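Single-letter residue listing:
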Amino acid sequence: MRKKLSPLKILEYVLLIILAAVFIFPMLWMVVSSMKPEADVYLNLSSLKAFLPSLNPSEWFTTYKEVIKRFSIGTYLLNSITYGLTFAFGSIIINSLAGFAFAKINFAGKKFIFGVLLALLIVPVEAVLIPQFTIVNSLGLVNSRVAVVLPAMASAFNIYLFRNFFIAIPEEIIESAKLDGAGIIKIFFRIMLPMSKPAIATVGVLSFISSWNDYIWPLMVLTDRSKFSMQVAITTINTTQPVYINQVMAVLTISTIPLIIVYIVAQKYILQGLGGSGTGLK
(Lines give C-alpha, C1' and ligand atoms only; values in the text may rest on other atoms or scores of the structure.)
Protein backbone atom coordinates (compact mmCIF):
# COMPACT_ATOMS: atom_id res chain seq x y z
CA MET A 1 0.00 0.00 0.00
CA ARG A 2 1.15 3.50 -0.77
CA LYS A 3 1.84 5.76 2.13
CA LYS A 4 -0.30 8.88 2.23
CA LEU A 5 1.63 12.12 2.13
CA SER A 6 1.21 14.27 5.19
CA PRO A 7 0.01 17.88 4.75
CA LEU A 8 3.46 19.07 5.82
CA LYS A 9 5.12 16.96 3.13
CA ILE A 10 2.69 18.22 0.49
CA LEU A 11 3.42 21.81 1.53
CA GLU A 12 7.15 21.09 1.28
CA TYR A 13 6.77 19.78 -2.30
CA VAL A 14 4.61 22.74 -3.30
CA LEU A 15 7.18 25.20 -1.96
CA LEU A 16 10.01 23.36 -3.74
CA ILE A 17 8.09 23.42 -7.04
CA ILE A 18 7.46 27.16 -6.65
CA LEU A 19 11.12 27.77 -5.84
CA ALA A 20 12.20 25.72 -8.87
CA ALA A 21 9.80 27.67 -11.08
CA VAL A 22 11.23 30.98 -9.88
CA PHE A 23 14.67 29.91 -11.13
CA ILE A 24 13.56 28.01 -14.26
CA PHE A 25 11.11 30.50 -15.79
CA PRO A 26 13.67 33.29 -16.49
CA MET A 27 16.00 30.75 -18.10
CA LEU A 28 13.14 29.26 -20.10
CA TRP A 29 12.09 32.72 -21.31
CA MET A 30 15.69 33.44 -22.29
CA VAL A 31 15.92 30.28 -24.42
CA VAL A 32 12.54 30.65 -26.16
CA SER A 33 13.15 34.37 -26.80
CA SER A 34 16.29 33.41 -28.70
CA MET A 35 14.12 31.19 -30.91
CA LYS A 36 11.75 33.98 -32.02
CA PRO A 37 11.92 36.95 -34.38
CA GLU A 38 12.71 40.27 -32.69
CA ALA A 39 9.13 41.54 -33.07
CA ASP A 40 7.64 38.52 -31.25
CA VAL A 41 9.78 38.59 -28.10
CA TYR A 42 7.59 41.00 -26.15
CA LEU A 43 4.27 39.72 -27.46
CA ASN A 44 1.87 37.86 -25.14
CA LEU A 45 4.03 38.42 -22.05
CA SER A 46 0.97 37.97 -19.83
CA SER A 47 0.19 34.51 -21.20
CA LEU A 48 1.91 31.14 -21.49
CA LYS A 49 2.73 31.94 -25.13
CA ALA A 50 5.64 34.00 -23.80
CA PHE A 51 7.28 30.70 -22.84
CA LEU A 52 6.85 29.09 -26.26
CA PRO A 53 9.29 29.42 -29.19
CA SER A 54 8.25 30.52 -32.65
CA LEU A 55 5.53 28.35 -34.17
CA ASN A 56 7.68 28.15 -37.30
CA PRO A 57 10.54 25.68 -36.60
CA SER A 58 12.63 27.18 -39.41
CA GLU A 59 13.00 30.36 -37.32
CA TRP A 60 14.34 28.61 -34.20
CA PHE A 61 18.03 28.87 -35.11
CA THR A 62 17.90 31.92 -37.37
CA THR A 63 18.85 34.22 -34.50
CA TYR A 64 21.89 32.09 -33.64
CA LYS A 65 23.10 32.23 -37.24
CA GLU A 66 22.69 36.02 -37.26
CA VAL A 67 24.54 36.63 -34.00
CA ILE A 68 27.39 34.29 -34.96
CA LYS A 69 27.68 36.19 -38.25
CA ARG A 70 27.75 39.60 -36.49
CA PHE A 71 30.18 38.75 -33.67
CA SER A 72 33.21 36.51 -33.07
CA ILE A 73 31.29 34.12 -30.82
CA GLY A 74 33.64 31.24 -31.58
CA THR A 75 36.67 33.25 -30.48
CA TYR A 76 34.99 34.34 -27.25
CA LEU A 77 33.90 30.77 -26.48
CA LEU A 78 37.39 29.43 -27.13
CA ASN A 79 38.86 32.11 -24.87
CA SER A 80 36.46 31.24 -22.05
CA ILE A 81 37.16 27.52 -22.39
CA THR A 82 40.92 28.16 -22.41
CA TYR A 83 40.72 30.42 -19.36
CA GLY A 84 38.45 27.99 -17.55
CA LEU A 85 40.56 24.88 -18.16
CA THR A 86 43.83 26.67 -17.35
CA PHE A 87 42.36 28.16 -14.20
CA ALA A 88 40.94 24.79 -13.11
CA PHE A 89 44.24 22.95 -13.67
CA GLY A 90 46.27 25.65 -11.92
CA SER A 91 43.83 25.76 -9.00
CA ILE A 92 44.08 22.00 -8.49
CA ILE A 93 47.90 22.01 -8.45
CA ILE A 94 48.44 25.14 -6.33
CA ASN A 95 45.70 24.53 -3.76
CA SER A 96 46.44 20.83 -3.39
CA LEU A 97 50.11 21.58 -2.70
CA ALA A 98 49.15 24.13 -0.05
CA GLY A 99 46.55 21.77 1.43
CA PHE A 100 49.12 18.98 1.59
CA ALA A 101 51.57 21.25 3.43
CA PHE A 102 48.97 22.22 6.02
CA ALA A 103 47.78 18.62 6.46
CA LYS A 104 50.97 16.55 6.52
CA ILE A 105 54.03 18.79 6.93
CA ASN A 106 55.07 20.34 10.23
CA PHE A 107 56.61 23.81 10.00
CA ALA A 108 56.92 26.87 12.23
CA GLY A 109 53.77 29.01 12.44
CA LYS A 110 51.59 26.42 10.72
CA LYS A 111 48.51 26.93 12.92
CA PHE A 112 48.82 30.71 12.84
CA ILE A 113 49.15 30.84 9.05
CA PHE A 114 46.20 28.48 8.63
CA GLY A 115 44.15 30.66 10.97
CA VAL A 116 44.95 33.71 8.87
CA LEU A 117 44.01 31.73 5.77
CA LEU A 118 40.59 30.89 7.23
CA ALA A 119 40.09 34.54 8.17
CA LEU A 120 40.53 35.44 4.50
CA LEU A 121 37.31 33.56 3.73
CA ILE A 122 35.30 36.50 5.10
CA VAL A 123 37.12 39.08 2.95
CA PRO A 124 35.02 40.03 -0.14
CA VAL A 125 36.71 39.45 -3.48
CA GLU A 126 35.92 43.04 -4.49
CA ALA A 127 38.02 44.33 -1.58
CA VAL A 128 41.26 43.03 -3.13
CA LEU A 129 40.59 43.86 -6.79
CA ILE A 130 42.39 47.22 -6.78
CA PRO A 131 45.54 45.97 -4.94
CA GLN A 132 45.50 42.91 -7.19
CA PHE A 133 45.28 45.08 -10.32
CA THR A 134 48.13 47.28 -9.04
CA ILE A 135 50.39 44.25 -8.67
CA VAL A 136 49.44 42.86 -12.09
CA ASN A 137 50.05 46.26 -13.67
CA SER A 138 53.47 46.61 -12.00
CA LEU A 139 54.43 43.20 -13.41
CA GLY A 140 53.47 44.32 -16.91
CA LEU A 141 50.79 41.65 -17.29
CA VAL A 142 47.84 43.92 -18.11
CA ASN A 143 46.06 42.91 -21.35
CA SER A 144 47.64 39.45 -21.24
CA ARG A 145 45.90 36.10 -20.94
CA VAL A 146 48.07 35.23 -17.94
CA ALA A 147 46.59 38.15 -15.99
CA VAL A 148 43.09 36.69 -16.36
CA VAL A 149 43.84 33.34 -14.71
CA LEU A 150 46.93 33.70 -12.52
CA PRO A 151 45.94 36.01 -9.62
CA ALA A 152 42.97 34.03 -8.31
CA MET A 153 44.33 30.49 -8.61
CA ALA A 154 45.16 30.28 -4.89
CA SER A 155 41.90 30.08 -2.93
CA ALA A 156 41.48 29.85 0.84
CA PHE A 157 38.38 27.67 0.47
CA ASN A 158 40.06 25.25 -1.96
CA ILE A 159 43.14 24.96 0.27
CA TYR A 160 40.84 24.25 3.22
CA LEU A 161 38.99 21.58 1.21
CA PHE A 162 42.19 19.80 0.11
CA ARG A 163 43.65 20.02 3.61
CA ASN A 164 40.63 18.22 5.08
CA PHE A 165 40.84 15.44 2.51
CA PHE A 166 44.57 14.95 3.06
CA ILE A 167 44.16 14.85 6.86
CA ALA A 168 41.74 11.94 6.46
CA ILE A 169 44.46 9.87 4.73
CA PRO A 170 46.20 7.67 7.37
CA GLU A 171 49.77 8.55 8.30
CA GLU A 172 50.72 4.86 8.00
CA ILE A 173 50.37 5.05 4.22
CA ILE A 174 52.83 7.95 4.03
CA GLU A 175 55.26 6.26 6.43
CA SER A 176 55.18 3.09 4.33
CA ALA A 177 55.95 5.09 1.22
CA LYS A 178 58.88 6.79 2.96
CA LEU A 179 60.27 3.41 4.01
CA ASP A 180 60.14 2.35 0.36
CA GLY A 181 62.30 5.36 -0.51
CA ALA A 182 59.60 7.70 -1.85
CA GLY A 183 60.33 11.41 -1.52
CA ILE A 184 57.81 14.07 -0.55
CA ILE A 185 57.06 14.98 -4.20
CA LYS A 186 56.48 11.36 -5.18
CA ILE A 187 54.24 10.82 -2.14
CA PHE A 188 52.18 13.85 -3.11
CA PHE A 189 51.68 12.98 -6.79
CA ARG A 190 51.54 9.16 -6.51
CA ILE A 191 49.59 8.74 -3.25
CA MET A 192 47.88 11.89 -1.98
CA LEU A 193 46.39 13.22 -5.22
CA PRO A 194 45.03 9.87 -6.50
CA MET A 195 43.32 9.35 -3.11
CA SER A 196 41.66 12.79 -3.30
CA LYS A 197 39.71 12.47 -6.54
CA PRO A 198 36.46 13.94 -5.12
CA ALA A 199 38.36 17.03 -3.95
CA ILE A 200 40.14 17.33 -7.31
CA ALA A 201 36.84 17.08 -9.19
CA THR A 202 35.15 19.59 -6.89
CA VAL A 203 37.93 22.18 -7.08
CA GLY A 204 38.32 21.67 -10.82
CA VAL A 205 34.63 22.08 -11.61
CA LEU A 206 34.02 24.99 -9.23
CA SER A 207 37.15 26.75 -10.54
CA PHE A 208 36.03 26.28 -14.14
CA ILE A 209 32.58 27.66 -13.34
CA SER A 210 34.08 30.57 -11.40
CA SER A 211 36.39 31.45 -14.29
CA TRP A 212 33.59 31.13 -16.84
CA ASN A 213 31.27 33.44 -14.86
CA ASP A 214 33.96 35.98 -13.96
CA TYR A 215 33.20 39.38 -15.43
CA ILE A 216 34.78 42.18 -13.39
CA TRP A 217 38.39 40.95 -13.35
CA PRO A 218 38.75 40.16 -17.10
CA LEU A 219 37.08 43.49 -17.84
CA MET A 220 39.70 45.25 -15.71
CA VAL A 221 42.80 43.62 -17.18
CA LEU A 222 41.86 43.15 -20.85
CA THR A 223 41.59 45.80 -23.55
CA ASP A 224 42.08 43.65 -26.65
CA ARG A 225 38.69 42.36 -27.83
CA SER A 226 40.26 39.24 -29.33
CA LYS A 227 41.16 38.14 -25.78
CA PHE A 228 37.74 38.80 -24.24
CA SER A 229 35.99 35.99 -22.41
CA MET A 230 32.35 35.23 -23.17
CA GLN A 231 31.04 37.20 -20.19
CA VAL A 232 32.97 40.35 -21.11
CA ALA A 233 31.97 39.95 -24.76
CA ILE A 234 28.29 39.86 -23.77
CA THR A 235 28.58 43.46 -22.55
CA THR A 236 30.10 44.48 -25.88
CA ILE A 237 27.34 42.68 -27.78
CA ASN A 238 24.65 44.33 -25.63
CA THR A 239 25.96 47.80 -26.47
CA THR A 240 26.72 47.33 -30.18
CA GLN A 241 24.08 49.08 -32.26
CA PRO A 242 21.64 47.95 -33.42
CA VAL A 243 20.76 45.88 -30.35
CA TYR A 244 18.33 43.01 -30.94
CA ILE A 245 16.91 41.43 -27.81
CA ASN A 246 16.55 37.99 -29.42
CA GLN A 247 20.25 38.06 -30.36
CA VAL A 248 21.17 39.06 -26.81
CA MET A 249 19.15 36.11 -25.51
CA ALA A 250 20.87 33.82 -28.02
CA VAL A 251 24.31 34.87 -26.77
CA LEU A 252 23.22 34.39 -23.14
CA THR A 253 21.92 30.92 -24.01
CA ILE A 254 25.19 29.99 -25.73
CA SER A 255 27.16 31.13 -22.66
CA THR A 256 24.91 29.16 -20.30
CA ILE A 257 24.88 25.79 -22.08
CA PRO A 258 28.53 24.79 -21.27
CA LEU A 259 27.95 25.45 -17.55
CA ILE A 260 24.83 23.30 -17.51
CA ILE A 261 26.68 20.46 -19.24
CA VAL A 262 29.65 20.70 -16.87
CA TYR A 263 27.42 20.70 -13.81
CA ILE A 264 25.30 17.77 -14.98
CA VAL A 265 28.39 15.67 -15.75
CA ALA A 266 30.22 16.55 -12.52
CA GLN A 267 27.28 16.90 -10.11
CA LYS A 268 28.04 13.60 -8.35
CA TYR A 269 31.68 14.53 -7.77
CA ILE A 270 30.80 18.01 -6.50
CA LEU A 271 28.44 16.55 -3.90
CA GLN A 272 31.06 13.99 -2.85
CA GLY A 273 33.75 16.64 -2.56
CA LEU A 274 31.66 19.14 -0.62
CA GLY A 275 30.23 16.37 1.54
CA GLY A 276 33.70 15.21 2.48
CA SER A 277 35.12 18.69 3.08
CA GLY A 278 33.99 18.64 6.69
CA THR A 279 35.87 15.47 7.60
CA GLY A 280 39.28 15.01 9.06
CA LEU A 281 39.39 18.26 11.02
CA LYS A 282 42.03 18.63 13.70
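Further up the page is the structure itself.
Bear in mind the structure is a predicted one, so any value in this text is a computation, not a measurement.

1. Considerations on the environment of S80
Working step 1: Here S80 shows up in helix α3 (residues 73-104).
Working step 2: With 102 residues separating them in the primary sequence, S80 and A182 have C-alpha atoms 39 Å apart.
Working step 3: Ignoring anything within four residues of it in the chain, the contact list for S80 reads W212, S229 and M230.
Working step 4: Within polar-contact distance, the side chain of S80 engages the backbone nitrogen of M230 at 2.6 Å.

2. Focus on the packing of helix α7 (residues 156-167) against helix α10 (residues 197-213)
Working step 1: One can describe the packing of α7 onto α10 by two numbers: an axis separation of 10 Å at closest approach and a directional angle of 170 degrees. Classified by the angle between their axes, α7 and α10 sit roughly antiparallel to one another. Of the residues in α10, those touching α7 at N158, L161, F162 and F165 are P198, A199, I200, T202, V203 and S207.
Working step 2: Its residues assigned to classes, the contact of α7 with α10 shows 7 nonpolar, 3 polar and no charged.

3. A look at the packing of aromatic side chains
Working step 1: Applying the stated criterion to the full structure yields 10 aromatic pairs.
Working step 2: Between F114 and Y160 the ring centres are 6.5 Å apart and the planes differ by 20 degrees, which places this aromatic pair in the stacked class. Of this pair, F114 sits in helix α4 (residues 110-119) while Y160 sits in helix α7; the two residues are 46 residues apart in sequence, bridging distant segments of the chain.
Working step 3: Look at F114 and you get buried, because its relative accessible area is 11%.
Working step 4: Within the aromatic cluster, the residues linked to one another by ring pairs are F100, F162, F166, F188 and F189.
Working step 5: Sitting over the face of the ring of F114, R163 holds its NZ or CZ atom 4.3 Å from the ring centroid.

4. Observations regarding the layout of surface pockets
The gaps left among the atoms become clear once a water-sized probe is rolled over them.
Working step 1: Quantified by volume, the largest pocket comes out at close to 1000 Å³.
Working step 2: Lining the largest pocket are 35 residues; nearest its centre among them are V125, Q132, A152, A154 and S155.
Working step 3: For the lining of the largest pocket, the secondary-structure elements that each account for two or more residues are α3, α5 (129-138), α6 (145-149), α7, α10 and α11 (216-221).
Working step 4: The residue makeup of the lining of the largest pocket, split by class, is 25 nonpolar, 8 polar and 2 charged.

Cut-offs used in this document
- Residues numbered from 1 in each chain as written.
- Predicted model: local features only at pLDDT ≥ 70, side-chain atom pairs only at ≥ 80, totals over all residues.
- Heavy atoms only, no water.
- Helix = DSSP H or I, 4+ residues; strand = E, 2+ residues; numbered from the N terminus.
- Contact = heavy atoms within 4.5 Å.
- Polar contact = N/O pair within 3.5 Å; in protein donor to acceptor, adjacent residues only side chain to side chain.
- Axes fitted to C-alpha atoms, helices over the stretch in contact; angles between N-to-C directions.
- Parallel < 35°, antiparallel > 145°, perpendicular 65-115°, else oblique.
- Nonpolar A, V, L, I, M, F, W, Y, C, P; charged D, E, K, R; others polar.
- Phe/Tyr/Trp six-rings, centres within 6.5 Å; stacked < 30°, edge-to-face > 60°.
- Buried < 20%, exposed > 50% of the residue type's maximum accessible area, 1.4 Å probe, protein only.
- Lys NZ or Arg CZ within 6 Å of the ring centre and 35° of its normal.
- 1 Å grid on protein atoms, 1.4 Å probe; cavity = no way out; pocket = protein on both sides within 12 Å on 5 of 7 lines; lining within 4 Å.
- Points joined across faces, edges and corners; volume = space filled by probe spheres on them.

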